Amino acid sequence: MMRRVRSLWGKLRPRVSGRGQSRGAPPLDGRLPNWPLFFEANRDLWQESLDRSRTGPKILMANNVPAFYNSSILESLLSVALTLRGADVHLLLCDEVMPACFNTKFRRTGPNTFFDGTFRELACRPCVDRRRVFSDLGLPVHLYSEELSHLERQDLRTLANGLPADKIPTFRWRDLPIGEHAYAGCLRYFSTATLDGQPRGEEILRKYFEAALLAAAVTDHLARRIRFAGSCFHHGIYVPQGVTGEVCRARGVPVVNWNVAYRKRCFIFSHGDTYHHTLLDEPVSTWKTMEFTPAMDEAIQAYLKTRWWGSQDWIYFHDTPMTRRRPWWPKRGLTLRVPS
């Protein structure tokens, strides 16, 4: 898939110099692609693709949280690639509606910030600022605030605040495990396995529960109004991505979740579910009869050794590994006894 996507760079590659900004273009976060600059290289190709895509299969690119660079870079690239291939891509973005989400973390948005309103500047403002990477594409953009009326949002808030806290993790909205995703999102926020003893734990849980309900209702409204042939979005768990996946599957919309793999320049695309499940339920028939050669074994062993330093990875956890360390056992006089 990614090999095919790379070909678009050859078609749309602009002639740029310096930092890549075209003359007169407004400032853009340098870590995000400047799509208008790329389209300048071949305006006719892009316009023809936009016109043709209107009758193509409708694909929901449910980014939701554009503050994440890795997701916004890849999903805007996928949106362009799919459009060039005739798909009618629709983008789903939150516009400061959810009271908590995947972008709110304890160290950056402390519990009190949810209640004094300052978390919006810390968590929501980056999403609003970086939303341009999608709006510049000229594709249909659906905002959370446009999908729900004020009364619907009030009803969901009343439900979130009124349900007993111990019922939230098991709560099902239209038979979907929305409460489970809210609870998981709250645990991720605190980076803990339980909410016991967490500051304002129950109140934060209700914020995530309300956000999960909002994400479910928004996705459901959109999926009922537009018949999508497929959907794609990162991660596939927590709030709102996990909720989005639940609703899409319930509405019969095929789901493709992706995440960055450890190996450099590699991604994991999982069809139907998140990689947490698809990596475990892969049928053995896909590899059981594979011819395993010495060269393959050597390549695998060589890669596993690089995991000590992460030299072939862009995700690793040992910045300063200890490769030389005295063994704990004495050089002499050690007797190993194997139990009979």
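Please read all numbers here as calculations on a predicted model, not as lab measurements.

(A) Region of the structure containing the packing of helix H9 (residues 150-162) against helix H11 (residues 201-225). Running from N to C, H9 and H11 cross one another at 145°; their axes reach a closest spacing of 9 Å. H9 and H11 meet at a crossing whose hand is right-handed. Seen from H9, the contacting residues are Glu152, Arg153, Leu156, Arg157, Leu159, Ala160, Asn161 and Gly162; seen from H11, they are Arg206, Phe209, Glu210, Leu213, Leu214, Ala217 and His221. Across the contact of H9 with H11, the residue classes tally to 7 nonpolar, 3 polar and 5 charged.

(B) Here's a closer look at a nonpolar patch on the surface. Taken together, the side chains of Val284, Trp287, Met290, Phe292, Ile300 and Leu304 define a hydrophobic patch exposed on the protein surface, amounting to about 590 Å² of accessible area. The topology assignment puts Phe292 in the loop between helix H13 (275-278) and helix H14 (294-306). Among the residues examined, Phe292 registers a relative accessible area of 46% and is labelled partly exposed.

(C) Region of the structure containing the pairing of strand E4 (residues 230-234). Most of E4 sits inside the fold, with 5 of its 5 residues counted as buried. Bridge analysis of strand E1 (residues 58-64) against E4 gives 3 bridges, and the strand direction is parallel. Bridge pairing in E4 links Met61 to Cys232. Where E4 meets strand E5 (residues 255-260), 4 bridges bridge the pair, whose relative direction is parallel. Among the inter-strand pairings, Ser231 is bridged to a residue of E5, identified as Val255. A crossover links E4 with its parallel partner E5, the connecting element being helix H12 (residues 238-250), and its sense is right-handed.

(D) Molecular detail of the packing of aromatic side chains. Using the criterion set out here, one finds 15 aromatic pairs in the structure. With 4.4 Å between their ring centres and 10° between their planes, Phe39 and Trp46 make a pair best called stacked. Ring geometry for Phe106 and Tyr189: centres 5.8 Å apart, planes at 70°, overall edge-to-face. Of this pair, Phe106 sits in the loop between strand E2 (88-93) and helix H5 (113-116) while Tyr189 sits in helix H10 (residues 178-190), and the two are 83 residues apart along the sequence. With relative accessibility at 34%, the residue Phe106 sits in the partly exposed group. Classification of Tyr189 as buried rests on a relative accessible area of 1%. One residue, Arg188, lies across the ring of Phe102, its end atom 3.8 Å from the ring centre. Over the ring of Phe115 we find Arg200; its NZ or CZ atom is 3.9 Å from the centre of that ring.

(E) View of the pattern of salt bridges. For the structure shown, the criterion picks out 14 salt bridges. Close ionic contact of Arg54 with Asp51 constitutes a salt bridge, the shortest N to O distance being 3.4 Å. Of the charged contacts, one joins Asp175 and Arg172 as a salt bridge, the two residues approaching to 3.1 Å between their closest N and O atoms. Residue classification places Arg172 among the partly exposed residues on the basis of a relative accessible area of 44%. Through salt bridges with shared partners, a single ionic network connects Arg174, Asp220, Arg224 and Arg251.

Criteria and cut-off values
Residues numbered from 1 in each chain as written. Predicted model: local features only at pLDDT ≥ 70, side-chain atom pairs only at ≥ 80, totals over all residues. Heavy atoms only, no water. Axes fitted to C-alpha atoms, helices over the stretch in contact; angles between N-to-C directions. Helix = DSSP H or I, 4+ residues; strand = E, 2+ residues; numbered from the N terminus. Left-handed = near helix turned anticlockwise from the far one by under 90°. Contact = heavy atoms within 4.5 Å. Nonpolar A, V, L, I, M, F, W, Y, C, P; charged D, E, K, R; others polar. Patch = residues over 30% accessible without salt bridge, like charges linked within 9 Å, V, L, I, M, F, W, Y side chains within 5 Å. Areas by Shrake-Rupley, 256 points an atom, 1.4 Å probe, with all protein chains shown as cover. Salt bridge = Lys/Arg side-chain N within 4 Å of Asp/Glu carboxyl O. Buried < 20%, exposed > 50% of the residue type's maximum accessible area, 1.4 Å probe, protein only. Pairing = 2+ DSSP bridges. Right-handed = clockwise from strand over helix to strand, strands pointing away. Phe/Tyr/Trp six-rings, centres within 6.5 Å; stacked < 30°, edge-to-face > 60°. Lys NZ or Arg CZ within 6 Å of the ring centre and 35° of its normal.

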